[in-house]
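An overview of the molecular structure
So the chains spell out like this:
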Amino acid sequence: MAMPADTNAAGDIFGGWVLSQMDLAGGIAAGQRAGGRVVTIAVDKMKFIRPVHVGDVLCVYSSVGRVGTSSMEIRLEAWALRHRYGQREKVTEATFTMVAVDDEGRPRPVPKEGVKP
């Protein structure tokens, strides 16, 4: 839920807060697909469509796109549930690139889909 401490000077929720929530959701999706630790290496096509307001619940939805040797493209959409109970409205979308890494932080292969690491 977006709280007053997360606002910018205009009184809307700070875009960095929205970005961080999307990064968390993208990391979860990528980590599940990679079967382990991942890091964000790029954020592309970030588009802020509508503002998020205090009291809105931010819902972030992800889908795994292209999967390379160690990297994955994660498509994300953020929707605001207005005033906790109201109408849903798409507020942000972006494509994040995540890389699977080992315990030392070095890139490692993403397993083939359906294979458990």
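Residues numbered from 1 in each chain as written. Predicted model: local features only at pLDDT ≥ 70, side-chain atom pairs only at ≥ 80, totals over all residues. Heavy atoms only, no water.

Attention now goes to the overall build of the protein. Helices and strands together make up the secondary structure of the protein, namely 1 helix and 4 strands. Overall, the protein shows an N-to-C arrangement of helices and strands of α-β-β-β-β. Judged by the C-alpha coordinates and their principal axes, the protein covers about 45 × 25 × 20 Å. For the protein, with 117 residues in total, the buried portion stands at 34%. Here the analysis covers contacts within the protein between residues at least 6 apart in sequence; of these, 66% occur between residues at least 24 apart. About 6,800 Å² of surface is accessible on the protein, with carbon and sulfur atoms providing 54% of the total. (Helix = DSSP H or I, 4+ residues; strand = E, 2+ residues; numbered from the N terminus. Buried < 20%, exposed > 50% of the residue type's maximum accessible area, 1.4 Å probe, protein only. Contact = heavy atoms within 4.5 Å. Areas by Shrake-Rupley, 256 points an atom, 1.4 Å probe, with all protein chains shown as cover.)

Backbone geometry at His83 places phi at a positive 55°, although glycine is not the residue there. Within the element layout of this structure, His83 appears in the loop between strand S3 (71-81) and strand S4 (88-100). Backbone geometry places Arg84, a non-glycine residue, at a positive phi of 70°. Tracing the backbone shows Arg84 in the loop between S3 and S4. Owing to a relative accessible area of 40%, Arg84 belongs among the partly exposed residues under this scheme.

In this section: helix H1 (residues 15-34). An ideal rise of 1.5 Å per residue puts 28 Å on 20 residues; H1 measures up with 28 Å between its terminal C-alpha atoms. Of the residues making up H1, those classed as buried are Trp17, Val18, Met22, Ala25, Gly26, Ala29, Ala30, Gly31, Arg33 and Ala34. Packed against the buried residues of H1 are strand S1 (38-48), strand S2 (57-67), S3 and S4. Gly35 occupies a position one or two residues after H1 and carries a positive phi of about 70°. (Expected span 1.5 Å × (residues − 1).)

By way of backbone hydrogen bonds, the strands of a sheet pair with one another, either parallel or antiparallel. If you walk across this open sheet you meet the 4 strands as S1-S4-S3-S2, and the pairing is antiparallel. The two strands at the open ends of the sheet, each matched to only one other strand, are S1 and S2. Mean inter-strand twist for the sheet, computed between neighbouring axes without regard to direction, equals 25°. As paired strands, S3 and S4 are joined by 11 bridges and run antiparallel to one another. Along S4, the bridge assignment pairs Glu77 with Glu93. Contacts between H1 and the sheet are confined to S1, S2, S3 and S4, with S4 contributing the most and set at about 50° to the helix. (Pairing = 2+ DSSP bridges. Axes fitted to C-alpha atoms, helices over the stretch in contact; angles between N-to-C directions.)

Our next topic: the pairing of S2. Sheet topology places S2 next to S3; 9 bridges connect them, and they run antiparallel. Following the sheet pairing, Ser62 is matched in S3 by Leu76. In textbook terms, the turn of a hairpin is the stretch between consecutive antiparallel strands, and for S2 and S3 this stretch comprises 3 residues.

Just distances and angles here, no functional claims.
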